[in-house]
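# Examining the three-dimensional arrangement
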Amino acid sequence: MLRDITIGQHFPGNSVVHRMDPRMKLLVTVLYIVVLFAASNPLGLALSIGLLALLYVAAKIPLKLITKSLKPIMPVVLFTAILNLFFITGQGQPLFHWWFLKIYEEGVRYAVLMAVRVLALIAGTSLLTYTTSPIVLTDAIERVLNPLAKLHLPVHELAMMMTIALRFIPTLIEETDKIMNAQKARGAQLDSGTLKQRIQALVPVLIPLFISAFRRADELAMAMECRCYRGGEGRTRLKVLHCGARDWLCLAVCLAAFAAVLSTRWIWQGIAL
């Protein structure tokens with residue numbers, strides 16, 4: 001299960017999405033999230049997922065990788081859907097009624113839409129990290145947040161922390177897998193027993209994991225100091241970000257697609273009437 005988590009990983013490539021300016025990709029990702037929650041009908045969600053599928057095809061990311069990345073979050077999605085299923089009330093007779101639990105048609109519809117929306121949200125944001133290296137992503141975040149530097153906000157440090165956090169997700173997952181395998185080899189029962197016993201069995205895993213994380217953080221800080229890292233002030237870049245005609249064209253196409261998705265709000269209202 002841990003090996004299925006691909007959040008924060010970068011898969012090098014030479015596709016149109018990979019070559020797109022990272023600032024544009026950040027902007028498109030934020031707009032996609034907004035559109036995803038603004039499209040509160042099945043037609044809008046279907047178009048949003050179709051657009052995301054086209055972007056994955058353009059980025060040449062295999063379908064197997066997408067399903068593998070969504071697999072670990074399925075328990076959270078199902079739990080959220082169940083909560084919406086039982087706590088969303090509606091008009092008319094309930095579809096199911098037992099004791100104080102009632103399931104309405106509106107609850108079923110909202111639970112399905114919310115589950116699909118969360119899955120599309122994870123897949124959409126993962127595409128950004130799949131096609132953008134951590135270093136380039138750091139520069140893009142810093143350039144986007146650069147106007148906030150006039151308010152004396154540590155923009156470079158914030159961008160660096162965000163990128164380091166993304167970069168170390170795969171490393172910590174790999175470290176957790178190694179520790180769990182080592183504990184199992186010593187006879188630890190991590191996959192059996194009651195819930196209380198499983199929680200207690202995680203203690204020998206969490207303690208070495210925290211120690212390893214702190215050690216890696218200390219080594220990283222030492223390496224940055226040895227290389228005379230002093231933040232973003234006076235820092236030059238080997239590759240300067242530049243938006244070309246291709247990037248603006250991709251942005252225009254995405255904006256047109258987002259406008260089409262938003263227009264489904266009025267189309268769906270007409271269908272419902």
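Residues numbered from 1 in each chain as written. Predicted model: local features only at pLDDT ≥ 70, side-chain atom pairs only at ≥ 80, totals over all residues. Heavy atoms only, no water.

Let us look at the overall build of the protein chain. Secondary structure assignment for the protein chain yields 11 helices and 2 strands. Here the protein chain, with 273 residues, has 33% of them falling under the buried criterion. Taking the intrachain contacts of the protein chain between residues at least 6 apart in sequence as the baseline, contacts between residues at least 24 apart amount to 74%. (Helix = DSSP H or I, 4+ residues; strand = E, 2+ residues; numbered from the N terminus. Buried < 20%, exposed > 50% of the residue type's maximum accessible area, 1.4 Å probe, protein only. Contact = heavy atoms within 4.5 Å.)

This next bit is on a nonpolar patch on the surface. A surface patch of nonpolar side chains, amounting to about 420 Å² of accessible area, comprises L202, L206, F210 and F214. Considering the arrangement of structural elements, one finds L202 in the loop between α9 (195–201) and α10 (203–226). (Patch = residues over 30% accessible without salt bridge, like charges linked within 9 Å, V, L, I, M, F, W, Y side chains within 5 Å. Areas by Shrake-Rupley, 256 points an atom, 1.4 Å probe, with all protein chains shown as cover. Salt bridge = Lys/Arg side-chain N within 4 Å of Asp/Glu carboxyl O.)

Next up on the list: the nonpolar core. In terms of nonpolar packing, the biggest core is built from 33 residues, with Y56, I61 and F258 touching the most fellow members. Every element with two or more residues in this core is listed here: α2 (22–38), α3 (42–59), α4 (63–70), α5 (74–87), α6 (105–131) and α11 (245–272). Here the element with the most residues in this core is α6; it accounts for 8 residues. Leave out the neighbours within four places in its chain, and F258 touches V28, L31, Y32, V35 and L51. Grouped together as the second largest cluster of nonpolar side chains are 7 residues, L26, A140, A159 and L241 included. (Core = buried A, V, L, I, M, F, W, Y, C linked by side-chain atoms within 4.5 Å.)

This next bit is on the packing of aromatic side chains. With the rule as written, the count across this model stands at 2 aromatic pairs. When the centroid spacing of 6.3 Å and the interplanar angle of 45° are considered together, the rings of Y32 and F258 count as tilted. Residue Y32 is found in helix α2, and its partner F258 is found in helix α11; the two are separated by 226 residues along the sequence. Judged by its relative accessible area of 7%, Y32 is buried. Among the residues examined, F258 registers a relative accessible area of 6% and is labelled buried. Between the aromatic rings of Y56 and Y130, the centroid separation amounts to 6.5 Å while the plane-to-plane angle is 70°, which identifies the pairing as edge-to-face. Of this pair, Y56 sits in helix α3 while Y130 sits in helix α6, and the two are 74 residues apart along the sequence. For the residue pair Y56 and Y130, the accessibility class agrees, reading buried in each case. (Phe/Tyr/Trp six-rings, centres within 6.5 Å; stacked < 30°, edge-to-face > 60°.)

Attention now moves to the packing of α2 against α6. Where α2 meets α6, the closest approach of the two axes is 10 Å, and the angle between their N-to-C directions is 180°. In terms of orientation, α2 and α6 fall into the roughly antiparallel class. Contacts between α2 and α6 involve K25, L26, T29, Y32, I33, L36 and F37 from the first element and R117, A120, L121, G124, T125, L128 and T131 from the second. When the residues that make up the contact of α2 with α6 are grouped by side-chain class, the tally is 8 nonpolar, 4 polar and 2 charged. (Axes fitted to C-alpha atoms, helices over the stretch in contact; angles between N-to-C directions. Parallel < 35°, antiparallel > 145°, perpendicular 65-115°, else oblique. Nonpolar A, V, L, I, M, F, W, Y, C, P; charged D, E, K, R; others polar.)

Attention now moves to the environment of D139. Within the secondary structure layout, D139 lies in helix α7 (residues 134–144). Each C-alpha atom of the pair D139 and L241 lies 8.1 Å from the other, and the pair is 102 residues apart in sequence.

The bulk of non-glycine residues show a negative phi, and the bulk of peptide bonds are trans. Of note in this structure, K60 is not a glycine but carries a positive phi near 60°. Along the chain, K60 turns up in the loop between α3 and α4. With a relative accessible area of 69%, K60 lands in the exposed category.

Quick look at the confidence of the model for the protein chain now. Looking at the protein chain as a whole, the pLDDT averages 79, with 89% of positions reaching at least 70. Per-element averaging of pLDDT across the protein chain places strand β1 (residues 96–98) at the bottom with 68 and α2 at the top with 87. (pLDDT = per-residue confidence, 0-100.)

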